[in-house]
Amino acid sequence: MLTNTFTKDEQNPDLRVRKPIAAGTFYPAEEDRLRETVGRFLQEAATNILSTKKPFENIQNLRAILVPHAGYIYSGQIAGLAYREVSRAKSGEFKKVVL
């Protein structure tokens, strides 16, 4: 068992946050670069040909979206598309989100 795997969130002491174990390997280690990378994937999702087809628009009672996490360079654009679609949901539409 790994020790010190989780840390307390400064803004929410009841929240346990997993420490990054692959930073710099499959995603940037630096916070600024990581934010820029994720932001770029979300922006690219907005202009992606798949997003113009609105892949989830005819789905009712959406129960889950499985998002790949093979490393941002491999699956970042698809993950951006999935998270963009989730962000379009109405407030309160999802009861639980698991990342």
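Because the structure is predicted, anything quoted here is derived from the model rather than measured.

Conventions adopted
Residues numbered from 1 in each chain as written. Predicted model: local features only at pLDDT ≥ 70, side-chain atom pairs only at ≥ 80, totals over all residues. Heavy atoms only, no water. Helix = DSSP H or I, 4+ residues; strand = E, 2+ residues; numbered from the N terminus. Buried < 20%, exposed > 50% of the residue type's maximum accessible area, 1.4 Å probe, protein only. Contact = heavy atoms within 4.5 Å. Expected span 1.5 Å × (residues − 1). Arc of directions from axis to C-beta. Phe/Tyr/Trp six-rings, centres within 6.5 Å; stacked < 30°, edge-to-face > 60°. Lys NZ or Arg CZ within 6 Å of the ring centre and 35° of its normal. Bend = angle between axes of the 7 residues up to and from the residue. Salt bridge = Lys/Arg side-chain N within 4 Å of Asp/Glu carboxyl O.

(A) Structural context of the side chain of Thr37. Assignment of secondary structure puts Thr37 in helix α1 (residues 31–47). A residue is classified by how much of its surface remains accessible, and Thr37, at 9% relative accessible area, is buried. In contact with Thr37, not counting residues within four places along its chain, are Pro28 and Tyr72.

(B) Structural view of α1. Its 17 residues place the ends of α1 25 Å apart at the C-alpha level, agreeing with the 24 Å of an ideal helix rising 1.5 Å per residue. Within α1 the residues assigned to the buried category are Thr37, Phe41 and Ala45. Summarising the axial view, the buried residues of α1 lie within an arc of 75°, below the 170-degree limit, and thus occupy one face. Relative to its buried face, α1 has exposed residues pointing more than 90 degrees away, namely Glu31, Asp32, Arg35, Gln43 and Thr47.

(C) Looking closely at the packing of aromatic side chains. According to the stated counting rule, one finds two aromatic pairs in the structure shown. Ring geometry for Phe41 versus Tyr72: centroids 6.2 Å apart, planes at 85°, classification edge-to-face. Note that Phe41 is positioned in helix α1 and Tyr72 in helix α3 (residues 72–87), a separation of 31 residues in sequence. Accessibility expressed as a relative area gives 10% for Phe41, which makes it buried. In textbook terms, an aromatic cluster arises when at least three aromatic residues are bridged by ring pairs, as seen for Tyr27, Phe41 and Tyr72. The ring of Phe41 has Arg40 sitting right over it, with the charged end atom 5.2 Å from the ring centre.

(D) A look at the environment of Ala64. The residue Ala64 is located in the loop between α2 (49–52) and α3 in this model. Using a relative accessible area of 55% as the deciding quantity, one classes Ala64 as exposed. When the C-alpha positions of Ala64 and Val98 are compared, they lie 9.7 Å apart, and in sequence the two are 34 residues distant.

(E) View of α3. For α3, which comprises 16 residues, the first-to-last C-alpha distance of 19 Å sits more than 12% below the rise-based estimate of 22 Å (1.5 Å per residue). In α3, a bend of some 30° at Ile78 exceeds every other bend along the element. Turning to α3, its buried residues are Ser75, Gly76, Ala79, Gly80, Leu81, Ala82, Arg84 and Glu85.

(F) Fine view of the pattern of salt bridges. Tallying each qualifying case throughout the model produces four salt bridges. The partner of Arg33 in a salt bridge is Glu30, and the shortest N-O contact between them spans 3.2 Å. The class for Glu30 is partly exposed, based on a relative accessible area of 42%. One salt-bridge network, held together by shared partners, links Glu36, Arg40 and Glu44.

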